[in-house]
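Coordinate analysis (summary)
The chain contents come next:
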Amino acid sequence: MAKAIEQLEQVTIRFAGDSGDGMQLTGDRFTSETAVLGNDLSTLPDFPAEIRAPAGSLPGVSGFQLHFADHDILTPGDAPNVLVAMNPAALKTNLRDLPKGGTLIVDTDQFKERNLQKAGYEANPLEDGSLEDYHVHPVALTSMTVEGLKGIAGITPREAERSKNFFALGLMSWLYNRPTDGTLGFIEQKFGKRPEIAQANATAFKAGYAYGETSEDFAVSYQIAPAPMAPGTYRQISGNTALAYGLIAASKLSGLDLFLGAYPITPASSILEELARHKAFGVRTFQAEDEIAAVGAALGAAFGGSLGVSTSAGPGVVLKQETIGLGIMLELPLLILDIQRAGPSTGMPTKPEQADLLMVLFGRNGESPVPVIAASTPSQCFHAAIEAARIALKYRTPVYLLSDAYLANGSEPWLVPDVATLPDISISFATDPEGFEPYARDPETLARPWAIPGTPGLEHRIGGLEKADVTGSISYDPDNHDLMTRLRAAKVAAIANDIPLLEVDDPGLVDRNGATTLVLGWGSTYGPIGAAVKRVRRAGVSVAQAHLHYLNPFPRNLGDVLHGYEKILIPEMNLGQLLKLVRAEFLVDAVGYNRVRGLPFKASELAEAITALVES
């Protein structure tokens, strides 16, 4: 008799286990099959900071959370509905997030005395009644996997045990009616060089699926219908992959070769890894010996006529600042991608934070303004990269693009754009020696000519010493220094005329009952803020929201927007950096909601903060 199928609107699942249990691979495969079915989705991978923490230890737990639904969603979910815990440490570190009544699937084979001690349990939670508030499904994942693979030649007991993540994936694929062909094809391709490993993983996956079908412990499976989406071609994409693709697109749209100078650093390294795969598109990647060499090479590539890019995270960006100051003095286009992480110093390398804003704005010597753009979602990273390149090329200036670990590793469906809709950001180099002056300026953009080395008659001096207006000669004249400082600042400020006005989502503007409270965000807070605003509106609270993608210069209507509301809330994963800028520049009594936990905001906590401010 077939088991019943129950329809759900949405569900949030978290896979958690030891860092060697393959939780990221498991979550990624489940996500891929969910994307194929057409659900809207959002993910939150959670990596341990240690390269290889002791097996079974609390610091070594790796997690992957996936929220998928039959409607538009904005976050990976505040809390899981289902927790798959592969060992006691995974249970200990994640149980606090599982609401009462939630579903808990545990690998009972791992709840042995030694593993319990490592996780800090005095008694087995599967036996002491401490889990009675949850729907617990004890599954002997490890032993069933090992038993099912005994007949496969060439597989050691340890290799058989490592296939248990695919058993868990098969079980969850049955439970939520995910397709299987894609995962089986993935296994064959990924492990094709070792056919016995491919066979073992495929067998474990099928065994987990069959266990769900036949076990009396699972009486119901679940379906989530596809979400309505605009027509087109979609793919699952992470923030770092979207940044890489955006940089490649910018290279083609500008007609310039792409050069990436980078030093591996979490969570930016995967951009280097992705771009290194695309040499066929004219991409050149240089893995430097340190951060300073990386950005120096990128600036040199820009001087040579390429689209120069350097990627890093906060600790590396600190080291790049002197070279970025040189780029400001040389007035050359240069992209610096800061994939922010929790600090200071090494901090929490795998956790997100938004604490680099003031550093990228003011962390250099002298008056050295640069444009700053922030991405807001994993898929929007693609367009943010193109826009950062457009501004850098058009205005001949270094540009910062801010992302963070949440966007970098998270994924969502991406509507692959029609190339014809992407902007033309092509540029022209100076070629005519007649009347050429290296620091003459375009009257509209204030950008100087871009004369690449080897162009006859366009030889000119470069370097970090102050330049004379127009001629570019070294100058120590006080009045000239004042003029050049103001010109560089004016060039960046004028970009405000070349970016969109800030859009405000205020339903009251339609029904003539405008909100009095505005929630203003930037960067990866876009999803949690949007979800929180939806919640409070459903509860009858009138509130407006706006989100900044341009942080220097601000959109030219930002002041008017801010002064149109009585109360302004600015949620940030820092201690109030945008808040300081807004209060100083626009003299508004904005308040902040600030947390630095190495985790993205939950929509529920922001909804409470919004409601409290509205009612205060």
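First things first, this report covers the structure right here in the doc.

Conventions and cut-offs
- Residues numbered from 1 in each chain as written.
- Predicted model: local features only at pLDDT ≥ 70, side-chain atom pairs only at ≥ 80, totals over all residues.
- Heavy atoms only, no water.
- Helix = DSSP H or I, 4+ residues; strand = E, 2+ residues; numbered from the N terminus.
- Rg over C-alpha atoms; globule rule 2.2 N^0.38 Å.
- Buried < 20%, exposed > 50% of the residue type's maximum accessible area, 1.4 Å probe, protein only.
- Contact = heavy atoms within 4.5 Å.
- Lys, Arg positive; Asp, Glu negative; His and termini not counted.
- Charge placed at Lys NZ, Arg CZ, Asp CG, Glu CD.
- Axes fitted to C-alpha atoms, helices over the stretch in contact; angles between N-to-C directions.
- Parallel < 35°, antiparallel > 145°, perpendicular 65-115°, else oblique.
- Left-handed = near helix turned anticlockwise from the far one by under 90°.
- Nonpolar A, V, L, I, M, F, W, Y, C, P; charged D, E, K, R; others polar.
- Salt bridge = Lys/Arg side-chain N within 4 Å of Asp/Glu carboxyl O.
- 1 Å grid on protein atoms, 1.4 Å probe; cavity = no way out; pocket = protein on both sides within 12 Å on 5 of 7 lines; lining within 4 Å.
- Points joined across faces, edges and corners; volume = space filled by probe spheres on them.
- Phe/Tyr/Trp six-rings, centres within 6.5 Å; stacked < 30°, edge-to-face > 60°.
- Lys NZ or Arg CZ within 6 Å of the ring centre and 35° of its normal.
- Core = buried A, V, L, I, M, F, W, Y, C linked by side-chain atoms within 4.5 Å.

Each helix and strand in the protein chain was counted, giving 21 helices and 22 strands. In terms of overall size, the protein chain behaves like a compact globule, its C-alpha atoms giving a radius of gyration of 27 Å where 616 residues would be expected to give roughly 25 Å. Here the C-alpha coordinates of the protein chain stretch approximately 85 × 60 × 50 Å along the principal axes. A buried classification covers 56% of the 616 residues belonging to the protein chain. In the protein chain, the share of contacts with a sequence separation of at least 24, taken over all contacts with a separation of at least 6, comes to 77%. Averaging the locations of the 50 positively and 71 negatively charged side chains of the protein chain gives two centres separated by 3 Å.

Turning next to the packing of helix H11 (residues 291-303) against helix H12 (residues 314-330). Helix-helix packing is characterised by the crossing angle of the two axes and by the distance between the axes. The contact between H11 and H12 brings their axes to 8 Å, and the two run at 25°. The angle between H11 and H12 places the two elements in the roughly parallel class. Two packed elements cross with a definite hand, and for H11 against H12 that hand is right-handed. Of the residues in H12, those in contact with Glu 291, Ile 292, Ala 294, Val 295, Gly 296 and Leu 299 of H11 are Gly 316, Leu 319, Lys 320, Thr 323, Ile 324, Leu 326, Gly 327 and Leu 330. Along the lines of polarity and charge, the residues of the contact of H11 with H12 split into eight nonpolar, four polar and two charged.

This part takes up the pattern of salt bridges. One pass over the structure, following the stated rule, counts 24 salt bridges. Here Glu 274 makes a salt bridge to Arg 277, at a shortest N to O gap of 2.8 Å. A salt bridge links Glu 387 to Arg 390; the shortest N-O distance between them is 2.8 Å. Taken as a pair, Glu 387 and Arg 390 lie in helix H14 (residues 380-395) at a separation of three residues, close to a single helical turn. Residue class for Arg 390 comes out buried when judged on its relative accessible area of 15%. Salt bridges sharing partners connect three or more residues here, namely Glu 387, Arg 390, Lys 394 and Asp 498.

Among the structural elements, Asp 469 can be located in the loop between strand S16 (411-415) and helix H16 (478-493). C-alpha of Asp 469 to C-alpha of Leu 487: the two residues are 18 residues apart in sequence and 9.4 Å apart in space. For Asp 469, the residues in contact, after removing those within four places along its chain, are Tyr 439, Asn 480, Leu 483, Met 484 and Leu 487.

So, on to empty space enclosed by the protein. Within the structure shown, the criterion is met by three cavities of 30 Å³ or more. Here the largest cavity defines a volume of roughly 90 Å³. Around the largest cavity sit 13 residues that line it, and Leu 44, Pro 45, Asp 46, Thr 350 and Pro 352 are the ones nearest its centre. Sorting the residues of the lining of the largest cavity by element identifies strand S3 (40-46) and helix H15 (405-409) as the ones contributing at least two each.

A few words now on the packing of aromatic side chains. On inspection of all chains with the given rule, the structure shows 13 aromatic pairs. Seen in terms of ring centroids, Tyr 176 and Tyr 222 are 5.5 Å apart; in terms of plane orientation they differ by 25°. Their pairing is stacked. Separated by 46 residues along the polypeptide, Tyr 176 in the loop between helix H6 (164-175) and helix H7 (181-190) and Tyr 222 in strand S8 (residues 220-224) bring together distant segments of the chain. Relative accessible area serves as the criterion here: at 3%, Tyr 176 is assigned to the buried category. A relative accessible area of 22% means that Tyr 222 is categorised as partly exposed. Of the aromatic side chains, those joined through ring pairs into one cluster are Phe 15, Phe 30, Phe 68, Tyr 176 and Tyr 222. One residue, Lys 92, lies across the ring of Tyr 121, its end atom 4.9 Å from the ring centre. In this arrangement the basic side chain of Arg 595 is found over the ring face of Tyr 593, its NZ or CZ atom lying 4.3 Å from the centre.

Now for the nonpolar core. Leu 335, Leu 551 and Leu 578 are the most contacted members of the largest nonpolar core, which totals 91 residues. At 11 residues, the largest contribution of residues to this core is made by H14. Counting residues in each nonpolar core, the second largest holds 40 residues, with Leu 149, Leu 175, Tyr 176 and Ala 202 among its members.

Turning to the environment of Leu 606, a few remarks are in order. The topology assignment puts Leu 606 in helix H21 (residues 603-615). Ignoring any residue separated from it by four or fewer positions in sequence, one finds Leu 606 in contact with Pro 528, Ile 529, Ala 532, Pro 571, Tyr 593 and Phe 601.

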